[in-house]
Amino acid sequence: MTELEAGPGMPSNGTELDDTLVAPAPTGRRRLIRRPSFAIGDLDVAAGKAAIGEIPVSRLVTGNRMSIPINVLHGRHEGPVVWLSAAVHGDEIGGVEIIRRSLQGIDPKTLAGTIVAVPIVNVHGFVNGDRYLPDRRDLNRSFPGSANGSLAARIAHLFLTEIVSRCDVGIDLHTGSDHRTNLPQIRADLDDERTRDLAIAFGAPFMMHAKLRDGSMRAAATATGSTVLLYEGGEAWRFDRDAIEAGVAGVGRVLSRLGMVQTIDEPVGLDGSTAAPVPAESRASGWVRVRRSGIAGIDVVLGQTVERGQIVATVRDSVGRRLSQTRANRTGMVIGLTQQPLVNQGDAIIHIAELLDPVDAMTAIALPATTPESDTP
């Protein structure tokens, strides 16, 4: 029942409530209805309030409890329920900072809807400084999980039942892995109209139509009916300023697009414009690999456009002799780079995405995606 549908005789459910003005009752007097509190984990958050809590996961070998931290902002006004998640891979810490900054300045008294922030999903990996769980399973390949399965399966099941089931939209925050850095980008089902609209609203420099991958959070959450954006930016175990700022701005734009917060003020560009950037778009990408082992010097930067056949890296030995030159295998934009100069023959060092022009982007909806969920080649 929406606020405008509320009328005389509306039953009370006994939960903690918050005053919200609605349309006049038939008597001509304005009456108040109150938004129910939001219960999750160990929290019961009143409308117009914020609270920090936890969702128990398991116990450590010491007997101590391991829990997923959550931060809930339950708006006074009706609106969507959105989750923000980070550190599904324990070494990808950039999203933790994006969530912290994104929640700053949001007043639940003026918020329309509810934000469920989960800054560290893979707590075991985060604590151990590891991408994976203690059993070496990848949490983002373990969804939808099982209540009686492995540790990874149990955490995946818990996240779906406790977080995703309560939400309409999710933004899952990632970084590059294995000494790689990524251009700030959105990966999503751009064939879905609502998802595409939010991906464009996010305003990252780049967006990729990425197929769903079995076992991923995005695939499992999409199957439940949620709209999901996956953000990639920066590298593991580093706070990349550009990636964090792009992520914070993007989250704010999505919340604004959903009508949850007031429209954010865009910074003034060099050309004097204040509109959010329009992302470049791609439906296909691939990694460039070195032909010789040695020390690689990368000649391109993130966001740079390159032509097929262009020299993008040079591999030398320890005394400076040139062993090989690496050329771009396609024309497009550089969206990922290795940060490790020491390479072995066949190592992937540069990720290039083929770009669609605006006309092609509108007509490419029926084309299949060729880029997987992960940035790992």
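Keep in mind that what you see is a predicted model, and the values were worked out from it rather than measured.

Undergrad: Which residues make up the packing of helix α1 (residues 94-103) against helix α6 (residues 241-257), and what values do they have?
TA: Here α1 crosses α6 at 45°, and the two axes come no closer than 9 Å. In terms of orientation, α1 lies oblique with respect to α6. Crossing of α1 over α6 shows right-handed handedness. The segment α1 lies against α6, with G94, E97, I98, R101 and S102 engaging A243, I244, E245, G247, V248 and V251. Of the residues assigned to the contact of α1 with α6, the class counts are 5 nonpolar, 3 polar and 3 charged.

Undergrad: Can you tell me about the packing of aromatic side chains, naming the residues and giving the values?
TA: Counted by the stated rule, this structure contains 4 aromatic pairs. On the numbers, 6.2 Å between centres and 40° between planes, the contact of F126 with W237 is tilted. In this pair, F126 sits in helix α2 (residues 123-128) while W237 sits in the loop between β12 (227-235) and α6, placing the two residues 111 residues apart along the sequence. Between F143 and F159, the ring centres sit 6.4 Å apart and the planes meet at 85°, which makes this aromatic pair edge-to-face. Placement of the pair is F143 in the loop between α2 and α3 (151-162) and F159 in helix α3, with a sequence separation of 16 residues. Relative accessible area serves as the criterion here: at 2%, F159 is assigned to the buried category.

Undergrad: Describe the nonpolar core, with residues and values.
TA: By size, the foremost hydrophobic cluster in this structure holds 34 residues, and its most contacted members are I40, W83, V116, F159 and I163. Among the elements of the structure, β3 (38-40), β4 (43-45), β6 (65-74), β7 (77-86), β8 (112-118), α3 and α5 (217-223) are those that each provide at least two residues to this core. If you tally residues by element for this core, the top one is α3, at 6 residues. Core analysis: the second largest hydrophobic core is formed by 31 residues, V169, A188, L198 and M207 among them.

Undergrad: Can you lay out the pattern of salt bridges for me, pointing to particular residues and giving the numbers?
TA: Pairing is possible between side chains of opposite charge, provided their charged atoms come close. The final tally for this structure, using the stated rule, is 15 salt bridges. E92 is the salt-bridge partner of R131, the closest N and O atoms lying 2.9 Å from each other. With a gap of 39 residues between them, R131 in the loop between α2 and α3 and E92 in the loop between β7 and α1 connect regions that are remote in the sequence. Exposure class is identical for R131 and E92. Each is buried. A salt bridge links R257 to D197; the nearest nitrogen and oxygen atoms lie 2.7 Å apart.

Undergrad: Please set out the pairing of strand β13 (residues 280-289) residue by residue, giving values where relevant.
TA: As a general feature of sheets, a regular strand has side chains that alternate between the two faces. In terms of residue burial, β13 counts as a mostly covered element, since 8 of its 10 residues are buried. Pairing geometry for strand β11 (residues 206-209) and β13, over 3 bridges, is parallel. The residue of β13 that forms the bridge with M208 is S282. Strand direction decides the pairing type here: β13 and strand β20 (residues 348-356), joined by 8 bridges, are antiparallel. From the neighbouring strand, A284 faces β20, where its bridge partner is E354.

Undergrad: Quick one: what's the story with helix α4 (residues 193-202), residue by residue and with numbers?
TA: Every buried residue of α4 is listed here: T195, R196, L198, A199, A201 and F202. Remark: G203 follows α4 within two positions and exhibits a positive phi of approximately 75°.

Undergrad: Mind laying out the sheet that holds strand β17 (residues 322-327), listing which residues take part and the relevant values?
TA: Judged by pairing direction, the sheet is antiparallel, and its 4 strands sit side by side in the order β17-β16-β14-β19 without closing on themselves. Looking at which strands have only one partner, the edges of the open sheet turn out to be β17 and β19 (342-343). Sheet topology note: the strand β14 (residues 294-298)/strand β16 (residues 311-316) ladder contains 4 bridges and is antiparallel. Across the sheet, the residue bridging to I295 is R316, located in β16.

Undergrad: I'd like a rundown of the environment of G176, residues and numbers included.
TA: Structurally, the position occupied by G176 is in the loop between β9 (169-174) and β10 (180-188). Residue G176 is classed as buried on the basis of its relative accessible area, which comes to 0%. With 59 residues separating them along the chain, G176 and E235 place their C-alpha atoms 4.5 Å apart.

Cut-offs used in this document
- Residues numbered from 1 in each chain as written.
- Predicted model: local features only at pLDDT ≥ 70, side-chain atom pairs only at ≥ 80, totals over all residues.
- Heavy atoms only, no water.
- Axes fitted to C-alpha atoms, helices over the stretch in contact; angles between N-to-C directions.
- Helix = DSSP H or I, 4+ residues; strand = E, 2+ residues; numbered from the N terminus.
- Parallel < 35°, antiparallel > 145°, perpendicular 65-115°, else oblique.
- Left-handed = near helix turned anticlockwise from the far one by under 90°.
- Contact = heavy atoms within 4.5 Å.
- Nonpolar A, V, L, I, M, F, W, Y, C, P; charged D, E, K, R; others polar.
- Phe/Tyr/Trp six-rings, centres within 6.5 Å; stacked < 30°, edge-to-face > 60°.
- Buried < 20%, exposed > 50% of the residue type's maximum accessible area, 1.4 Å probe, protein only.
- Core = buried A, V, L, I, M, F, W, Y, C linked by side-chain atoms within 4.5 Å.
- Salt bridge = Lys/Arg side-chain N within 4 Å of Asp/Glu carboxyl O.
- Pairing = 2+ DSSP bridges.

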